[in-house]
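Residue strings, one per chain:
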Amino acid sequence: MNLTYRPLVLGITALCFSAIVLGRAQAGGNHFYAPVVDQVVKEECGSCHIAFAPSMLPASSWQRMMGNLKNHFGDDASVDAETAARISRYHMANAADAGGQRYSGKLLKGVAPGSAPQRITELPAWVREHRKVPGWEWRHKDVRTKANCAACHAYAEQGYYDE
Amino acid sequence: MKRTIAATLATFAVAFAAPVSAGPREDLLAQYASATQSSGFSAVRGQALHTRNFAGGKADTPACISCHGKDTRSPGRTPAGKPIAPLAVSVTPTRYTDPAKVEKWFKRNCIEVLGRECTPQEKGDWLAYTISQ
């Protein structure tokens, strides 16, 4: 009796698993965020930290950030007006709720419209995805800050944020 | 056709023969020298500046070497984990050839480390040091 059911149960289990994987893939859960390709933007935004993908924050966030480069997370990251305009244009066009929407998936879930969050690492979806990372890993000498994506995501610079 | 090629070649020859007297690094040093009354720049003073701890800047970056490391020929690391190309010109030959870039980073980094902008004398000394490395 048991023997007749076993293949069926196994088959159903496999099917459910595939459905979950497929569902995640369709929901944009492939953890790819198109990297910055504009060389000026890449240089200006990617010298101190990795050039975070514009699709990781909504346009309102980038707008607010570009309005306060004098105090950029405690550092003065001011650039000349022409460069600032170029960076703004690029980020607004490719933001999570603009051209970058196809990459952002569920990243903006739980973010109030127009709330302009400044830290990617404080987005509810980011927090949820990283909830299992223990404190000692964040404090590791090769990590030190949550902004250091590439310490764990080896292909972050290329846009891939798989585990 | 032949004449056109000859003319093109001549143009290139003239373009490349144009003053090679001073590179962008020498121009920068000359610019800093003209802005200060001192007798010149010293790599020894530059090294002292590079390794010294300052109290006026940010607590986590008291010295140049906080991020750039003690060895100018090895890469440094930003607080957010990005590698920084070695400062020594012998290892990174493209260093200090873009004056706007040099000025941009002097401004940012001096404010972060010293809590103020660097003087032309300090910039010249520091460049003399890293160029010699």
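Up top is the structure.
A brief structural summary. For clarity, every value in this text was computed on a predicted model and none was experimentally measured.

Notes on the overall build of chain B
If you tally the helices and strands in chain B, you get six helices and two strands. Written out in order from the N terminus, the α and β elements of chain B read α-α-α-α-β-β-α-α. Residue burial in chain B is summarised as follows: out of 133 residues, 20% are buried. For chain B, restricting intrachain contacts to residue pairs at least 6 apart in sequence, the fraction spanning at least 24 positions comes to 57%.

Focus on helix 3 (residues 43–51) of chain B
All names here are of chain B. Restricting attention to buried positions, one finds in helix 3 the residues Gly46, Leu49 and His50. Buried residues in helix 3, looked at end-on, bunch into an arc of 100 degrees, giving them a common side. Seen from the buried face of helix 3, the exposed residues on the opposite side, beyond 90 degrees, are Val44 and Thr51. Buried residues along helix 3 sit in contact with helix 4 (65–68) and helix 6 (120–132).

Details of the packing of helix 3 (residues 59–66) of chain A against helix 4 (residues 81–93) of chain A
All names here are of chain A. Between helix 3 and helix 4, the least distance of the axes is 9 Å, while the angle of their chain directions is 165 degrees. Viewed along their axes, helix 3 and helix 4 adopt a mutual orientation that is roughly antiparallel. Both helix 3 and helix 4 take part in a crossing whose hand is right-handed. Contact residues: Ala59, Trp62, Gln63 and Met66 in helix 3; Ala84, Ile87, Ser88, His91 and Met92 in helix 4. Among the residues making up the contact of helix 3 with helix 4, the classes are represented as six nonpolar, three polar and no charged.

Examining the interface of chain B and chain A
On the chain A side, the residues contacting the eight residues of chain B number twelve residues. Its residues assigned to classes, the side of chain B that touches chain A shows three nonpolar, two polar and three charged.

Quick look at the nonpolar core
Within soluble globular proteins, side chains that are nonpolar tend to cluster in buried spots. Counting 23 residues, the largest nonpolar core has Val41(A), Met56(A) and Ala96(A) as its most contacted members. Those elements that place two or more of their residues in this core are helix 2 (39–45), helix 3 and helix 4 of chain A. The residues contacting Val41(A), other than those within four sequence positions of it, are Val36(A), Ala51(A), Arg86(A), Ile87(A) and Tyr90(A). Within the second largest apolar cluster, ten residues are counted, among which are Leu49(B), Tyr96(B), Trp126(B) and Ile131(B).

Thoughts on helix 4 of chain A
All names here are of chain A. Spanning 13 residues, helix 4 covers 18 Å between terminal C-alpha atoms, matching the ideal 18 Å at 1.5 Å per step. All buried positions along helix 4 are accounted for by Ile87, Tyr90 and His91. Looking down the long axis of helix 4, one finds its buried residues gathered within 95 degrees of arc, a one-sided arrangement. Facing away from the buried side of helix 4, by more than 90 degrees, are the exposed residues Ala81, Glu82 and Ala85. Residues of helix 4 that are buried in the fold lie against helix 2 and helix 3.

Looking at the environment of Thr72(B)
Residue and element names in this part refer to chain B. Looking at where threonine 72 falls in the secondary structure, it is placed in the loop between helix 4 and strand 1 (76–77). Given 22 C-beta atoms within 10 Å, threonine 72 falls into the buried group. Other than its neighbours up to four places away in sequence, threonine 72 contacts Pro86, Leu87, Ala88, Thr130 and Gln133.

The rules behind these values
- Residues numbered from 1 in each chain as written.
- Chains lettered and ligands numbered in written order.
- Predicted model: local features only at pLDDT ≥ 70, side-chain atom pairs only at ≥ 80, totals over all residues.
- Helix = DSSP H or I, 4+ residues; strand = E, 2+ residues; numbered from the N terminus.
- Buried ≥ 20, exposed ≤ 12 C-beta atoms within 10 Å, placed from the backbone.
- Contact = placed C-beta atoms within 7 Å.
- Arc of directions from axis to C-beta.
- Axes fitted to C-alpha atoms, helices over the stretch in contact; angles between N-to-C directions.
- Parallel < 35°, antiparallel > 145°, perpendicular 65-115°, else oblique.
- Left-handed = near helix turned anticlockwise from the far one by under 90°.
- Nonpolar A, V, L, I, M, F, W, Y, C, P; charged D, E, K, R; others polar.
- Core = buried A, V, L, I, M, F, W, Y, C linked by C-beta atoms within 7 Å.
- Expected span 1.5 Å × (residues − 1).

Any functional reading would require information that these geometric values do not contain.
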